[in-house]
Structures are given as C-alpha cells and as structure tokens.
Amino acid sequence: MTSKDVLVGVIGGSGLYHLDNLTFVEKVNPKTPWGYPSSPITICSLPSGSQIAFLARHGQHHSIAPSAVPSRANIAALKSLGVRVILAFSAVGSLREEIVPGSFAIPTQIIDRTKGIRPASFFEGTKMVAHAAFGDPYSMKLIRWLELRVEKALADEGRGVVLHKDRCIVCMEGPQFSTRAESIMYRTWGGDLINMSALPEAKLAREAELSYALIATATDYDSWRPHSEAVTAAEVFKTLQDNANTSRHVAATVLEDLHAAALDGDILSEEIGSMRFSIMPRSGEQDQEDIKKLAFILPDYFTPVAN
Ligand SMILES: CSC[C@H]1O[C@H](OP(=O)(O)O)[C@H](O)[C@@H]1O
Ligand SMILES: Nc1ncnc2[nH]cnc12
C-alpha cells in the first residue's frame, strides 16, 4: 500500500448522494463479476492529496430500492480500486426515545430481518462454500477509532448532534415501513435502530476482508410510539437534508486521519486474513470460472490458472 492508493471508501445512503465538500477528481465505473455498482464511483481528493472513493448506495438519483441494491458489485468495485476501509452512512429509524431524530449512532450489532431475497455472499452461485465469522458484524477496531473522532466532529459542527454508541440495528426488507406490532417487537428484541440497508452490505464487506463501520443517522421514531403517528417517507425527508450536511462534515473531518490509519494498517488487522479459515478446504471442484470470480475479491486465496 502507498499513500497514493485509494484506501478509504464512503457509501452514502438516503439523502447523501455526493461529498461535494471534497475536491472532485474523476468518476470511475468498474465492472465486476457481479455487474456494475449502484452508480459510478466518485474519486475525491482530501487537502493532503490523498484520495477517497464515494458511492451512492441507491444511485445518484435514488433509483434503486433497498432490496435491489447491487451490494456485491458495490463492495467488489470498491475493493478493486484498492479500498481497505469502508465508512457507510444510512438513514435509520429510532426504536429508542433517547435516540432523537437528527442524532447519530454507530451500531455494533445487527438483527437480520431481510427475507433471503438479496444475494448475501460472494460464494453464492459458485461451487465453493465459505462461512465468514459474523458475531461482531462491524469492525470493532474501526468503530473504537471512529467514536472519539466522530463525536469531536459533531461537537465542532455546533448543531448539538449527539452520537450514540454500542447500539443494535434491525435490518428489515422493506420497501414498506414496519407495522406498529413489528416496531414494538423489535424493541423487545433489543433493537435500537432500524433500516433497510445494513445487510447484506456488512456481510459482503466481511467476506471481502474489508474493515467496515456504519454511521446511522436517525430520521424518525419508526412506529412503536403509541401516541405518535406511524413513520412516513414525508417524516423521513424532514431530517434527511440536515443529516446529510452533518454527514458530509463528519466525513470531511475524519477521512484524512482515516486514510493515514488505513495506511498504518492497525485498524485493518481484524479483517485481513479472516477468510483464510472460513473457506471450506475441500470446497468445490476448483472450477476455473469460480476461481476467477472469487480472485476478484480475495486474490490471496484464489489464483486463476493462466491459459
Ligand atoms: C428513505 S427511508 C428508507 C430508506 O432509507 C434508508 O436508506 P439508506 O440506508 O441507504 O440510507 C433505509 O435503509 C431505506 O432504504
Ligand atoms: N423507520 C424506518 N424503517 C426502516 N428504514 C428507515 N430508514 C429511515 N427510517 C426508517
């Protein structure tokens, strides 16, 4: 790795379609074995000259529904650019009174309520089998590194945005919001936040051995409060713009140091090498097409035979 590599990727969610507070360098659109990413990826430069990659999860014009986000292509495309760390942003509902809309959270746990219709593994469709460890679905080293810095960035911005830590996010399928009964049930399960995009993104980042954390930006109280209206898209839109502006400020504040930390390597150490013992050793018939595909994300473990 060199300081010139694009080591950090940012994925923007609802409302966060660009990082125009950074300097535009170019747009790239890498083709992967899983197709093209949600949108062309913008390469931006930081004041030091280091570069980062930005990708809009739902496309630049929000034309991709949560169940249809090409997450495998998104993660593979970022990795193909050299990215080792992903900072993802997401608009979320709050399942807790104290997580006021407009506040931010960095979750450490996920409850999967997707319906199995999203491809959730790079190994799906191949003759290879792998079981990535996912007990800690986010990169804890990266999270601990981020917490202090994001808190400081929020304080510097001066809008009084609070950061909640060690929270659990429920990822539902959507596109409709939850019923009141579901929303209440998620609270009893220990859910603090809810969105439609936490998965399979985090699972795929783990399979690609990328360090990955989510900054969740609360837009609403979902539908669990007995005397409040159930969430609507109109309510979400009210906070989306302010949350996006704060997200851009946070990104601009932390990315320079994050690039340096990625270069140093310590925040990557949990993930690098983690798939080595997750791939079943006798797996598959060593199909060359599968090897070529998997070499795209895990070149250390798969070497296509030259013909
Ligand atoms: C616009 S409300 C629902 C929508 O917003 C969130 O998107 P993202 O996570 O990409 O910010 C949520 O997950 C849903 O996809
Ligand atoms: N209440 C909610 N449920 C699911 N995804 C969301 N994104 C923003 N608010 C949400």
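Bear in mind the structure is a predicted one, so any value in this text is a computation, not a measurement.

**Focus on the site of ligand 2**
Taken together, 13 residues lie near ligand 2, and Ala91, Gly93, Thr219, Asp220 and Asp222 sit nearest. The contact in question runs from a nitrogen atom of ligand 2 to an N or O atom on the side chain of Asp220, over 2.7 Å. Placement of ligand 2 is best described as lying within the largest pocket. Taken together, the elements giving at least two residues each to the shell around ligand 2 come down to β5 (85–94), β8 (193–195) and β9 (211–220). Tallying contributions element by element places β5 first for the shell around ligand 2, with three residues. Taken together, the residues that form the shell around ligand 2 break down as eight nonpolar, three polar and two charged.

**Overview of the packing of aromatic side chains**
One pass over the structure, following the stated rule, counts six aromatic pairs. For the pair Trp34 and Phe122, a centre-to-centre distance of 4.8 Å together with 65° between the ring planes defines the contact as edge-to-face. You can see Trp34 sitting in the loop between β2 (23–28) and β3 (41–45) and its partner Phe122 sitting in the loop between β6 (104–113) and α2 (140–157), a full 88 residues away along the chain. With a relative accessible area of 13%, Trp34 lands in the buried category. An angle of 10° between the planes, with centres 6.0 Å apart, marks the rings of Tyr138 and Tyr212 as stacked. One end of the pair, Tyr138, is in the loop between β6 and α2; the other, Tyr212, is in strand β9, with 74 residues separating them in the sequence. Note on accessibility: Tyr138 and Tyr212 belong to one class, buried. The ring centre of Trp145 lies 4.0 Å from the NZ or CZ of Arg149, which sits over that ring.

**Here we look at the UniProt feature "binding site: phosphate" (unreviewed entry) in the protein**
Taking the numbering used here, the UniProt-annotated feature "binding site: phosphate" (unreviewed entry) corresponds to Ser14, Arg57, His58, Ser90, Ala91 and Ser197. A maximum C-alpha distance of 12.0 Å is found for the annotated residues, which run over 184 residues; spatially they form one tight group. From this annotated list, the subset lining the largest pocket comprises Ser14, Arg57, His58, Ser90, Ala91 and Ser197. In this fold, His58 is placed in the loop between β4 (51–56) and α1 (71–80). If we skip the residues at most four places from it in the chain, His58 touches Gly13, Ser14, Ser63, Ile64, Ala65, Pro66, Val69 and Ser197. For Ala91, the position within the fold is in strand β5. Those residues in contact with Ala91, other than ones at most four positions away along the chain, are Ser14, Asn195, Thr217, Thr219 and Leu240.

**Some thoughts on the UniProt feature "site: Important for substrate specificity" (unreviewed entry) in the protein**
As annotated by UniProt and renumbered to match this structure, "site: Important for substrate specificity" (unreviewed entry) occupies Ser178 and Ala233. Judged by maximum C-alpha separation, these annotated positions cover 56 residues in sequence but sit close together in space, the widest gap being only 12.2 Å. Lining the largest pocket, out of the annotated residues just given, are Ser178 and Ala233. Structurally, Ser178 can be placed in the loop between β7 (163–172) and α3 (180–188). If near-sequence neighbours (up to four positions away) are discounted, Ser178 is found in contact with Met172, Ser183, Tyr186, Ile194, Asp222 and Ser223. Judged by relative accessible area, which is 35%, Ala233 ranks as partly exposed.

What counts and what doesn't
Residues numbered from 1 in each chain as written. Chains lettered and ligands numbered in written order. Predicted model: local features only at pLDDT ≥ 70, side-chain atom pairs only at ≥ 80, totals over all residues. Heavy atoms only, no water. Near = heavy atom within 4 Å. Polar contact = N/O pair within 3.5 Å; in protein donor to acceptor, adjacent residues only side chain to side chain. 1 Å grid on protein atoms, 1.4 Å probe; cavity = no way out; pocket = protein on both sides within 12 Å on 5 of 7 lines; lining within 4 Å. Sits in = over half its atoms within 2 Å of the grid points. Helix = DSSP H or I, 4+ residues; strand = E, 2+ residues; numbered from the N terminus. Nonpolar A, V, L, I, M, F, W, Y, C, P; charged D, E, K, R; others polar. Phe/Tyr/Trp six-rings, centres within 6.5 Å; stacked < 30°, edge-to-face > 60°. Buried < 20%, exposed > 50% of the residue type's maximum accessible area, 1.4 Å probe, protein only. Lys NZ or Arg CZ within 6 Å of the ring centre and 35° of its normal. UniProt positions renumbered as here; feature names shortened; annotations may be inferred. Contact = heavy atoms within 4.5 Å.

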